[in-house]
Amino acid sequence: MSDTLTRRSILGGVAAAGTLLGGCGRIDGTTPAPQLLDLADGFSRHVQRLLLSGRPLVRELPTAQISPSFPITGTSMPPGEAYQRLLANTFGSWSLRVDGLVDRPISLTLAQLKALPARTQVTLHQCDEGWSAVAQWTGVQLSRVLELSGLKKNARYCVFHCLDIAPLDGNYYYESLDLLDAMHPQTILAYGMNDQPLPVEHGAPLRLRVELQIGYKNAKYVDRIEVVDSLQPIGKGRGGWWEDFDHAIWYAGQ
Ligand SMILES: Nc1nc2c(c(=O)[nH]1)N[C@H]1C(S)=C(S)[C@@H](COP(=O)(O)O)O[C@H]1N2
Ligand SMILES: [Mo]
């Protein structure tokens, strides 16, 4: 077998295994057998590394291209007293919980998140309602937070639970990512926008920036990350508020 063929067949195998293990498969119930995941666990980390090394980075733009104004879509002020109380003491009593299929459930205050190594990126946000805008986002890579909690071997998705109830149906906003998008270096939990603390209308105190995905995947007002092996028990089981409400597509990325 020639060199090229060998490499190609190896990569093909890796891609197939990665689809299985990385959680980027369909959410229509074709979950691989648990034994298979167990068996594969020994090399899944290496498979993920290989796959991630081939993933694109989105273009990061010069600060001169930051939009003078950035539209607000969906919630601009979460309804209810609980959020007002958080706001009243500038989120001093707020914390981010990380639980579910993790080795150690953790809870991080805003100060603790800010003490972790930060990443700043200027990117283009695209909303499927037909607008786009550029902003600079500062936060901590989601992968670093997941490193602190650890991931159990059956972890497949991160679910981002938000503080806002959508007026259209009375349900809390939520979103989810597979582990490939979760571990991507440009996927951050942002607490800063354009060198300022993240404004309320853009998701204070913490929002997801998942630069490989479209607008609605970028959950605002995140206060809990739940690591799961299936999205079916959450909400209507389609993986996010827009997906549940309007059959928006779950994988809306590149
Ligand atoms: N919690 C929450 N996150 C959300 C939304 C929302 O209504 N609530 N709207 C989504 C949509 S459709 C888009 S385009 C972006 C808009 O972010 P922005 O309001 O900061 O522009 O946030 C997304 N995340
Ligand atoms: Mo959007």
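Described below are features of the structure shown in this document. (Residues numbered from 1 in each chain as written. Chains lettered and ligands numbered in written order. Predicted model: local features only at pLDDT ≥ 70, side-chain atom pairs only at ≥ 80, totals over all residues. Heavy atoms only, no water.)

Turning our eyes to something else, we now look at the site of ligand 1. Neighbouring residues of ligand 1: 22 residues in total, closest P71, D164, H202, R207 and K220. Separating a nitrogen atom of ligand 1 from a side-chain N or O atom of D164 is a distance of 2.7 Å. Here an oxygen atom of ligand 1 sits 2.7 Å away from a polar atom, N or O, in the side chain of R207. Protein chains bury 98% of the 540 Å² of accessible surface belonging to ligand 1 in isolation. When residues of the shell around ligand 1 are traced back to their parent elements, those giving at least two are β3 (119–127) and β5 (157–165). Split by residue class, the shell around ligand 1 holds eleven nonpolar, seven polar and four charged. (Near = heavy atom within 4 Å. Polar contact = N/O pair within 3.5 Å; in protein donor to acceptor, adjacent residues only side chain to side chain. Areas by Shrake-Rupley, 256 points an atom, 1.4 Å probe, with all protein chains shown as cover. Helix = DSSP H or I, 4+ residues; strand = E, 2+ residues; numbered from the N terminus. Nonpolar A, V, L, I, M, F, W, Y, C, P; charged D, E, K, R; others polar.)

Bringing the side chain of D181 into the picture now. Here D181 shows up in helix α6 (residues 179–183). A distance of 2.5 Å separates polar atoms of two side chains, one belonging to D181 and the other to Q213. Discounting chain neighbours no more than four positions away, the residues touching D181 are R55, T187, V210, L212, Q213 and Y251. (Contact = heavy atoms within 4.5 Å.)

Of all seven residues that make up strand β6 (residues 172–178), six are buried, and the element is covered over most of its length. Sheet analysis places β5 next to β6, joined by six bridges and oriented antiparallel. Paired with H161 across the strands is Y174, a residue of β6. Following β5, the chain reverses through six residues before pairing antiparallel with β6; G170 in that reversal takes a positive phi of roughly 75°. (Buried < 20%, exposed > 50% of the residue type's maximum accessible area, 1.4 Å probe, protein only. Pairing = 2+ DSSP bridges.)

Applying the stated criterion across every chain yields a total of ten aromatic pairs. Ring geometry for Y157 and W250: centres 5.7 Å apart, planes at 80°, overall edge-to-face. Of this pair, Y157 sits in strand β5 while W250 sits in the segment after α7 (241–246); the two residues are 93 residues apart in sequence, bridging distant segments of the chain. The same class applies to Y157 as to W250, namely buried. Ring centres of W242 and F245 lie 6.2 Å apart, and the angle between their planes is 75°; on these two criteria the pair is classed as edge-to-face. Here the residue W242 and the residue F245 both occupy positions in helix α7, the gap between them amounting to three residues, near one helical turn. The class of W242 is partly exposed, set by a relative accessible area of 21%. F245 sits in the partly exposed class, given a relative accessible area of 34%. Among the aromatic residues, those joined into a cluster by ring pairs are Y173, W241, W242 and F245. (Phe/Tyr/Trp six-rings, centres within 6.5 Å; stacked < 30°, edge-to-face > 60°.)

Here we take up unusual backbone geometry. Here the residue pair A204 and P205 is connected by a cis peptide bond, since its omega of 5° sits within 30 degrees of zero. Tracing the chain through its elements places P205 in the loop between β8 (196–197) and β9 (207–210). For F91, which is not glycine, the phi torsion reads 65° and is therefore positive. Locating F91 in the fold gives a position in the loop between α3 (81–88) and β1 (95–100).

Let us look at the pattern of salt bridges. All chains considered together, the criterion is met by eight salt bridges. Linking R209 and E211 is a salt bridge whose minimum nitrogen-to-oxygen distance equals 3.0 Å. E211 carries the same exposure label as R209, and that label is buried. E243 is paired through a salt bridge with K217; the nearest N and O atoms lie 3.3 Å apart. Of this pair, E243 sits in helix α7 while K217 sits in the loop between β9 and β10 (222–228), placing them 26 residues apart in sequence. (Salt bridge = Lys/Arg side-chain N within 4 Å of Asp/Glu carboxyl O.)

An α-helical segment advances 3.6 residues per turn. Residues three or four places apart therefore align on the same side. Of the positions making up helix α5 (residues 142–149), those classed as buried are L142, S143, V145, L146 and S149. Each buried residue of α5 lies within a common arc of 160° when the element is viewed along its axis, so the set occupies one face. The positive-phi residue at the C-terminal boundary of α5 is G150, with phi of around 75°. (Arc of directions from axis to C-beta.)

Time to look at the environment of S67. Mapped onto the fold, S67 is located in the loop between α2 (34–53) and α3. For S67, a relative accessible area of 17% corresponds to the buried category. Here the alpha-carbon distance between S67 and Q136, two residues 69 residues apart in the chain, equals 9.4 Å. Beyond its immediate chain neighbours, meaning those up to four positions away, S67 contacts A133 and V134. One polar contact links the side chain of S67 to the main-chain amide nitrogen of V134, over a distance of 2.7 Å.

So, to be careful, I would describe these as geometric facts and stop short of saying anything about function.
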